[in-house]
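# Fold and geometry: a report
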Amino acid sequence: MSPSDPPLPLEPYRIKAVEMLHRPSRDEREAALKRAGYNLFNLTSEEVYIDLLTDSGTSAMSDRQWAAMMTGDESYAGSRNFAEFERTVQELTGFPFVIPAHQGRAAEHLLLSSLARPGQKVPNNMHFDTTQAHVLRQGAQPINLAIQEAYDVRNEHPFKGNMDTPKLETLLQKEGSGVPLVMMTLTNNTGGGQPASLSNLREVSRICRAHKVPFYLDMCRWAENAYFIHEREPGMGERSLREIGRACFDLADGATMSAKKDGLVNIGGFIATRDAQLVPRLKETLITFEGFPTYGGLARRDLSAMAIGLLEATELDYMAHRVGQVRYLASLLEQDGIPFVRPPGGHGLYLDAHAFLPHLKGSELPGQALVVEIYREGAVRTCEVGGVMFGGAPSTPDAPPALELVRLAIPRRVYTASHLSYVADTVRRVWKRREAVRGMTIVEAPERLRHFLAKFGPAMERGGAKGAGPHAAPHPSDRSPSPM
Ligand code: F0G
């Protein structure tokens, strides 16, 4: 290591079980892309070497979590594991009513089917795709009200997940009862994993209370959000992540959670609320779609793993390493001037596909072209967060131009610094031949959530832009089909 090398993120754990990986050869990668219709959601995991598609449900559980899985009380009703889980969520959030669900979108379904009605408007800093889909499913309109800085990828604003509170105030004044709830997503996943500040949450809460509109948090990455508050907000450096988390929850009426993120489990979620009147409605839908309120679509052992994971995610050493990994990857890419959303986010690094591939028009799907190229180069799977993910849905009026991003989401406690260095090398190699990368076109797509199911093909050849795929230079580690 030279003094100019970025600091290595130090693991506050050691590894006691390993999963072997295969690195597919160039021919295998090319065949996989064709078979998958150039949609990386259609790849099999054996076709991927480093999987940065999502940080959701891909964490490594701890020995304590695995041990708890062995002590499941699998009673249909009144399981001991539920009591432990309920107590933990109550203590962390202060919300008295806790309803488990199999994952975040199930919690969103419960909340939005209970509160939102056709024609209403649901503001959020930025909707995640499943939240947006649930708002639309109720015939309501999702409104993104993140601050303007959130749409400027180069802006170093420390809290780009903040809500534009004057806009929120205006909307609530105009719409009155046409707004059934206000949501804030912590962190702002769609906008680059960016946090919201405690002072912004305080102001949103004040506005909601003044207008008597319920305020709910999407708390998927609440512990990462708390870490950024700890680091960046004046006066917060001495407070623990649990205290900061609790200060955020105290401002809200409830929260939906995908524990597949900051719950450090492979499956699980919940909704928690202070609203006693809402609970019977939530439970009725829960029983119809998920299961009895003491298991919510999960095995009871999953509830214990979730309770432990929620606590582990608030350990400062763990979180410093986690966010440190994203920063490590960012500093490697920065050396080549590769454009990404600044500052680096909590759960991943988001490449700016427009700036990476400026020769491609929006209609040539630069984000999709880039995820395909990064896979083609090094069997690294990433995720488009741009025109494909959000282009199919009705847009928010007056919304700033959409971001066209490629997310390199880092699974929790899974990859090492050498893996991240390999990823950086792969992205750098695409960067070097970026001018030759061709656009993509949609071949078939469903109406909603199309990024999961769409099929793509290379866009027609244009002047100057030649197919990069099979002509790209071989990677140094391409010498044998399976170098591992
Ligand atoms: N809200 C946010 C902010 C999310 O990021 C996700 C999932 C959900 C809700 C839904 O949770 O998957 O448990 O149903 N995000 C994953 C991702 C899929 O890759 O970012 P879920």
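Our structure's up above, just so we're on the same page.
Residues numbered from 1 in each chain as written. Predicted model: local features only at pLDDT ≥ 70, side-chain atom pairs only at ≥ 80, totals over all residues. Heavy atoms only, no water.

Of note, the amide linkage connecting Leu186 to Thr187 takes the cis form, showing an omega dihedral of -15°. Of note, Thr187 is situated in the loop between strand E5 (182–185) and helix H7 (198–210). Omega for the peptide link from Arg342 to Pro343 comes to -15°, which places this bond in the cis form. Along the chain, Pro343 falls in the loop between helix H12 (316–334) and strand E9 (348–352). Although it is not a glycine, Ala379 adopts a positive phi angle of roughly 60°. The phi angle at Arg413 is positive, at roughly 65°, despite the residue not being glycine. (Helix = DSSP H or I, 4+ residues; strand = E, 2+ residues; numbered from the N terminus.)

With respect to topology, three strands assemble into an open sheet ordered E9-E12-E11, the strand pairing being antiparallel. This sheet does not close on itself; its edge strands, each paired only once, are E9 and strand E11 (383–385). Going across the sheet, the axis of each strand differs from the next one's by a mean of 35°, ignoring polarity. As defined by bridge partners, E9 adjoins strand E12 (residues 405–409) across five bridges and the pair is classed as antiparallel. Opposite Asp352, over in E12, you have Leu405 as the bridge partner. Contacts from H12 reach E9 and E12 within the one sheet, and its direction differs from that of E9 by about 30°. (Pairing = 2+ DSSP bridges. Axes fitted to C-alpha atoms, helices over the stretch in contact; angles between N-to-C directions. Contact = heavy atoms within 4.5 Å.)

Let's shift gears to the packing of aromatic side chains. According to the stated counting rule, one finds 10 aromatic pairs in the structure shown. Between the aromatic rings of Phe41 and Phe452, the centroid separation amounts to 4.9 Å while the plane-to-plane angle is 70°, which identifies the pairing as edge-to-face. Here Phe41 is found in the loop between helix H1 (26–35) and strand E1 (50–51), whereas its partner Phe452 is found in helix H17 (residues 450–453), with 411 residues between them in sequence. Taking relative accessible area as the criterion, Phe41 reaches 29% and is therefore assigned partly exposed. Each ring, one from Phe82 and one from Phe85, has its centre 6.2 Å from the other, and the planes form 50°; the classification is tilted. Remark: Phe85 and Phe82 occur in helix H3 (residues 80–93); sequence separation between them is three residues, near one turn of the helix. Under the relative-accessibility criterion, Phe82 is labelled buried at 10%. Note on Phe85: relative accessible area 0%, which makes it buried. Put simply, the rings of Tyr76, Phe292 and Tyr295 pair up and form one aromatic cluster. (Phe/Tyr/Trp six-rings, centres within 6.5 Å; stacked < 30°, edge-to-face > 60°. Buried < 20%, exposed > 50% of the residue type's maximum accessible area, 1.4 Å probe, protein only.)

Let us now look at the environment of Arg232. Mapping Arg232 onto the fold places it in helix H8 (residues 222–232). Separated by 74 residues in sequence, Arg232 and Pro158 have C-alpha atoms that sit 7.0 Å apart. Once residues lying within four places of it in the same chain are set aside, the contact partners of Arg232 are Pro158, Phe159, Pro195, Arg327, Pro343 and Pro344.

As a further point, take the environment of Leu311. Mapped onto the elements of the fold, Leu311 is located in helix H11 (residues 300–312). Judged by its relative accessible area of 30%, Leu311 is partly exposed.

Another point: the environment of Ala60. Following the sequence through the fold, Ala60 ends up in the loop between E1 and helix H2 (63–69). Not counting chain neighbours up to four residues away, the residues in contact with Ala60 comprise Arg412, Arg413 and Val414.

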